[in-house]
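Structural features, examined
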Amino acid sequence: MVLEELLAPAGSYEVLVTAVNAGADAVYIAGPNYGARAYAKNFTIDELEKAVKYAHLNGAQIHVTVNTLINNFEIVDVLNYLFKLYQIGVDAVIVQDLGLIWLLKTFIPNLEVHASTQMGLNNYSSIKWASKNNIKRIVLPREVNINQIKETYNQLKNDNIDMDIEVFGHGALCYCVSGKCYMSSYNSGRSGNRGACAQPCRRQYRLKYRGYNIGNGFLLSTHDLATYDNIKEISNAGVKSLKLEGRMKSKDYIGTIVNSYRNIIDGNPGDYKKDLHLVFNRKFTDGYIMGDKPGEVMGRGSSGHEGLYIGDITKIEGTKVTIEIKNKEIPVILEPGDGIAFKYNGKIKGIYLENIIKQDENEIIIDTTRLVKEGTEVFISYSASTHEYLKQFEKESIKNHIGLNLSLTWDKELNLYTKVEYHIDGELINFRHKSLDMFEKANNKPVDEKTIENQLNKTGGTPFFIENIRFNNMPKDMFIQIRKINQIRREILDTATELLMNHYTPTKKAVKEVRKNLSKFIKDYENNEGKVKQKTPKLSLFIDDLSQIRAASGFDLKRIYFDGTCHYNNSEDYFKNIKDTLMKGSLMASPTEFVWVLSSFITQEDAIKCSEIVKELENEGIIISVMGDFPGMKNIFDCPIYGNHNLNVWNSFCVRNLNEAGFKSLILSSELSGSEIKELVLKNHDRNIDLEMIVNGNLEVIVSKDDFTNLNDGKDFIIPNDADYAILEDKKRKKFKYKVFFDYNRQSHIINKDCLCLIEEINEIKELGLDSLILDCRYSNEKYTAQILSIYNESLHNKDQEELSKYKYQIMDFSQSYINKGNYIEGRLHEDKQ
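Residues numbered from 1 in each chain as written. Predicted model: local features only at pLDDT ≥ 70, side-chain atom pairs only at ≥ 80, totals over all residues. Heavy atoms only, no water.

1. Let's talk about the overall build of the protein chain
When its secondary structure is counted, the protein chain shows 24 helices and 39 strands. On C-alpha atoms alone, the protein chain measures out to a radius of gyration of 31 Å, which is about the 28 Å that the 2.2 N^0.38 rule sets for 834 residues. Within the protein chain, the fraction of its 834 residues that count as buried is 59%. When the accessible surface of the protein chain is split by element, carbon and sulfur atoms take 45% of a total near 35,100 Å². (Helix = DSSP H or I, 4+ residues; strand = E, 2+ residues; numbered from the N terminus. Rg over C-alpha atoms; globule rule 2.2 N^0.38 Å. Buried < 20%, exposed > 50% of the residue type's maximum accessible area, 1.4 Å probe, protein only. Areas by Shrake-Rupley, 256 points an atom, 1.4 Å probe, with all protein chains shown as cover.)

Written as structure tokens, this is what we have:
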């Protein structure tokens, strides 16, 4: 099997102990900051050190999540934190921020780096880029399927690239592709990219089309992923690590899923599938990884836990309730103390069982005073025996898992010299131990080999067991006290343990070198106040229809970004027509630069098709540029490339890394505040790259693989007009209305309910030193585009605050939604409250 690692989550030290004891090969945890779970308990630095030691003594690894996005104010702090993780010997850090990738490869290159799923590296070119950036492992997006994984694995082998593949195998699924969701951030100030997601996807919504209600319920809520039936396929596809989700979950939950998957992977018999159904889940899906369709992945009926379905109530006689067993696939034997749930008309009530009257393969009769009705569905949601079984994993203990080979040799003075050898991670570790003046001539009973062997074999409480003992030149008339043999054993085991722990930590020389380089960098960074090049930014425009180019006529624009992905409902039509559209658009836009915006999270296959179209246009004298959201674009496109918002540019080192990757311009993240943008630009001087900022538009908050098939009535939602959209309305907060568009891959694009409008801040923004201010006019029309362009063009000519406020009210009059200032003024609000 290629699969060799079961990777478990832990939100506290107690949970980590359970995960290791239950059989995890590695555990991923977070320290006090930057861990993408802002409301988890997480680990202090002392607990991190304790966790690393406990895991390493048990042959497990520790991966630390440093997978939030980082602004320039935090660079020094996060570097000091990463240096500490390097010193204490963590096995890997999981990173999302492309700037941190550059800093790590430059200053701490021997700290293993894994690319977080939120980095969104879904195609082969982005993975090749990762390899060049000292990334050892890719955590693939959950949307990548098994065939794509297999193809990627084979390509890596063919190109002789040493890259591990990790996938999520169990737990909650994010609705948004790669977890790159902005809905929570833009509407509640709680950023998913900073670990504070408010989970708006678990709320109830209704879907409307042209005023008609076509779907209700938990429309954005997914089932939970479960791949226990697909372990062999996943391994054969080239996956090295199977990741379990749940850093916010309880000890019982983690103990159950780790124990279950450990035994399923190892092929041990048991009721492990049943156990997985009993801990929290939103019903299971095989996931996109195993080829499930969006309608099968989505759980639109509920966002809560039900448990394992048993059957239905068929008869009630007083307090005697008969349950007909209908789930024959996973049989259940109920016991007193188990928790069962009754579901009727969508509502769930639960009890703990006290009296089971009868139980066989066809029916269960229980005694309960709970008011229930015939036809009610019955689930088991808690197993008392499983809960009791899991207690064995709670106590700290060290497993004897490393075999020691001992070679014992005595000299003429009866001094013992022991050669000790063992292997860890394929490396031979050996040392010699001297036992002086412990043995003496025997007066009565000389010590024999068996006695010595028996005492040396008592290695309990250590990672070691004695694999082999060789006796060399052992005198026959020799004596030693038992306590002294035990002392020799303890000394050997102490030295072996010390060398084991040293194996996981860098040498003093290496630490000194990293410290020296980091100290110099930090000093220079803090002393460098930076400077802003005085420049007047130009306007750029996002459009999705060529008619909007007419509205831009007469304006001095930097670029026109054309995004036509949502004008076609299938790939064939898109690629058949897009070349002519681009040709026409480029001629209409001239002399303004015309940029083709690629589909979000584009596949390798589609990216190559797009590059061929760009070449064909060039051969016909039409020069265009492209905009995309993956860092390996330069490997595919031989034209100017620009970075879209999904690259999440949060700091100047992200800019530097993407500049080195060939990008000529980048959109800064709309999650940043004005002060964060100012600091980024200050620290980014002398870079030959344009920086852009969206100042107006209804921002894209979610791109999802969901196509709104299999709504609650089982029907699929199909828009007959390619460029049309649906409305997603929050059932409780009815003012929260989002437009939903579909691209040629049937990915859904959810557009924010409010329009970002920074017209009143334009004088301040002009001083930031940006190259371009973007007006996002996609999904609007020619008239709206002309009005927005005219207002912002006027605002660039040194208008006073009173005039800018008048412009704001004009925009409010013709805007298609409410307007707001996004995160520009206050940043992510929840961070200020902490």
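Having seen the structure, we can now continue with the description.
2. Looking at the sheet that holds strand S15 (residues 339-344)
Within the open sheet, the seven strands sit side by side as S16-S15-S19-S13-S14-S18-S17. Their pairing is antiparallel. The strands lining the two open edges of the sheet, one partner per strand, are strand S16 (347-352) and strand S17 (355-359). On average, adjacent strands in this sheet sit at an angle of 35° to one another, irrespective of strand direction. Here S17 pairs with strand S18 (residues 363-367) via four bridges, running antiparallel. (Pairing = 2+ DSSP bridges. Axes fitted to C-alpha atoms, helices over the stretch in contact; angles between N-to-C directions.)

3. Side note on the sheet that holds strand S8 (residues 205-209)
Read across the open sheet, the six strands follow the order S9-S8-S34-S35-S36-S33; overall the sheet is antiparallel. Of all strands in the sheet, those with a lone pairing partner are strand S9 (212-217) and strand S33 (700-704), marking the two edges. Pairs of neighbouring strands in the sheet enclose a mean axial angle of 25°, with direction left out of account. Taken together, the four bridges between strand S34 (residues 726-730) and strand S35 (residues 737-742) define a ladder with antiparallel strand orientation. Directly across from Ala726, in S35, lies its bridge partner Val740.

4. A word on the environment of Lys678
Here Lys678 lies in helix H20 (residues 674-682). You can call Lys678 partly exposed: its relative accessible area is 47%. Residues Lys678 and Asn72, 606 residues apart in the sequence, show an inter-C-alpha distance of 9.6 Å.

5. A look at a positive patch on the surface
Judged by side-chain charge, Lys347, Lys349, Arg370 and Lys373 come together as a positively charged surface patch. Mapped onto the elements of the fold, Lys347 is located in strand S16. Of the residues examined, Lys347 reaches a relative accessible area of 64% and is grouped as exposed. (Patch = residues over 30% accessible without salt bridge, like charges linked within 9 Å, V, L, I, M, F, W, Y side chains within 5 Å. Salt bridge = Lys/Arg side-chain N within 4 Å of Asp/Glu carboxyl O. Lys, Arg positive; Asp, Glu negative; His and termini not counted. Charge placed at Lys NZ, Arg CZ, Asp CG, Glu CD.)

6. Let's talk about the layout of surface pockets
Approximately 680 Å³ is the volume found for the second largest pocket. Asn122, Gln148, Phe601, Ile602 and Thr603 are the residues nearest the centre of the second largest pocket, which is lined by 28 residues in total. Where the lining of the second largest pocket is concerned, the elements lending two or more residues are helix H5 (124-132), helix H6 (146-158) and helix H18 (604-619). Here the residues of the lining of the second largest pocket are counted per class, giving ten nonpolar, eleven polar and seven charged. (1 Å grid on protein atoms, 1.4 Å probe; cavity = no way out; pocket = protein on both sides within 12 Å on 5 of 7 lines; lining within 4 Å. Points joined across faces, edges and corners; volume = space filled by probe spheres on them. Nonpolar A, V, L, I, M, F, W, Y, C, P; charged D, E, K, R; others polar.)

7. Quick look at the side chain of Ser817
Relative to the elements of secondary structure, Ser817 occurs in the loop between helix H23 (801-814) and strand S39 (819-820). At a separation of 3.5 Å, a polar atom in the side chain of Ser817 contacts the main-chain amide nitrogen of Cys755. Setting aside its immediate chain neighbours within four residues, Ser817 contacts Asn698, Lys753, Asp754 and Cys755. (Polar contact = N/O pair within 3.5 Å; in protein donor to acceptor, adjacent residues only side chain to side chain. Contact = heavy atoms within 4.5 Å.)

8. Quick look at the packing of aromatic side chains
Summed over all chains, the structure comprises 30 aromatic pairs. When the centroid spacing of 6.1 Å and the interplanar angle of 45° are considered together, the rings of Tyr34 and Tyr81 count as tilted. Here the residue Tyr34 occupies a position in the loop between strand S2 (26-29) and helix H2 (45-57), and Tyr81 occupies one in helix H3 (residues 75-88), the gap between them amounting to 47 residues. Here Tyr34 and Tyr81 have matching classes, each one buried. (Phe/Tyr/Trp six-rings, centres within 6.5 Å; stacked < 30°, edge-to-face > 60°.)

9. Some thoughts on the pattern of salt bridges
Following the criterion strictly, the structure yields 50 salt bridges and no others. Here Glu4 makes a salt bridge to Lys240, at a shortest N to O gap of 3.5 Å. Taken as a pair, Glu4 in the segment before strand S1 (5-9) and Lys240 in the loop between helix H8 (231-236) and strand S11 (241-244) lie far apart in primary sequence, 236 residues in all. Two residues, Arg733 and Asp730, come together in a salt bridge whose shortest N-O distance is 3.2 Å. Looking at Arg733, the relative accessible area reads 32%, which means it is partly exposed. In this structure Asp730 comes out as buried when scored by relative accessible area, which is 1%. In the salt-bridge network here, residues are joined through shared partners; they are Glu4, Glu5, Lys136, Arg137, Asp162, Asp164, Glu166, Lys240 and Lys243.

10. Quick word on the state of the cysteines
Applying the stated criterion across every chain, the model contains zero disulfides. Lacking any disulfide linkage, Cys566 is separated from the closest cysteine sulfur, that of Cys176, by 14 Å. The structure places no disulfide on Cys654, whose sulfur is separated from the nearest cysteine sulfur, that of Cys176, by 18 Å. (Disulfide = S-S within 2.5 Å.)

11. Focus: the side chain of Asp275
Relative to the helices and strands, Asp275 is located in helix H10 (residues 272-278). There is no salt bridge for the buried Asp275, and the closest opposite charge comes from Lys274, which lies 4.3 Å off by N-O distance. Once you skip the residues sitting within four places of it in the chain, Asp275 turns out to touch Thr256, Ser260 and Thr386.

12. Here's the deal with helix H14 (residues 482-504)
Compared with an ideal rise of 1.5 Å per residue, which puts 23 residues at 33 Å, H14 spans 34 Å between its outermost C-alpha atoms and is within 8% of the ideal. Among all positions of H14, only Lys484, Ile485, Asn486, Ile488, Arg489, Ile492, Leu493, Ala496, Leu500, Met501 and Tyr504 are buried. In this structure, the buried side of H14 is in contact with H2, strand S20 (402-410), strand S21 (416-424), strand S22 (427-435), helix H13 (449-456) and strand S24 (464-472). (Expected span 1.5 Å × (residues − 1).)

13. Details of H13
For H13, the set of buried residues is Ile452, Gln455 and Leu456. What you see down the axis of H13 is that its buried residues fit within an arc of 100°, all on one side. Contacts from the buried residues of H13 go to S20, S24 and H14. (Arc of directions from axis to C-beta.)

14. So, the packing of helix H1 (residues 13-22) against helix H9 (residues 251-266)
Relative to each other, H1 and H9 sit at 15°, their axes nearing to 8 Å. Taken as axis vectors, H1 and H9 run roughly parallel relative to one another. Two packed elements cross with a definite hand, and for H1 against H9 that hand is right-handed. Where H1 approaches H9, its residues Glu14, Val15, Thr18, Ala19 and Ala22 are matched on the opposing element by Lys251, Ile254, Gly255, Val258, Asn259 and Arg262. Looking at the contact of H1 with H9 residue by residue, the classes come out as five nonpolar, three polar and three charged. (Parallel < 35°, antiparallel > 145°, perpendicular 65-115°, else oblique. Left-handed = near helix turned anticlockwise from the far one by under 90°.)

15. Some thoughts on the pairing of strand S26 (residues 538-543)
Counting buried positions along S26 yields five of six residues, so the element is predominantly enclosed. Bridge analysis of S26 against strand S38 (residues 772-776) gives five bridges, and the strand direction is parallel. For Lys538, the partnering residue across the bridge sits in S38 and is Ser772. Looking at chain direction, S26 and strand S27 (residues 557-562) are connected through four bridges and run parallel. If you follow Leu539 over to S27, its bridge partner there is Leu557.

16. Observations regarding the nonpolar core
One recurring pattern in soluble globular proteins: nonpolar side chains tend to sit buried together. By size, the foremost hydrophobic cluster in this structure holds 217 residues, and its most contacted members are Leu16, Val93, Trp596 and Phe708. Take this core: its biggest share by element is ten residues, from H3. Ignoring anything within four residues of it in the chain, the contact list for Phe708 reads Tyr175, Leu207, Leu219, Leu220, Arg300, Asp716, Phe717, Leu728, Val740, Phe742 and Ser748. Judged by nonpolar contacts, the second largest core, of 33 residues, contains Leu408, Phe439, Leu456 and Phe464. (Core = buried A, V, L, I, M, F, W, Y, C linked by side-chain atoms within 4.5 Å.)

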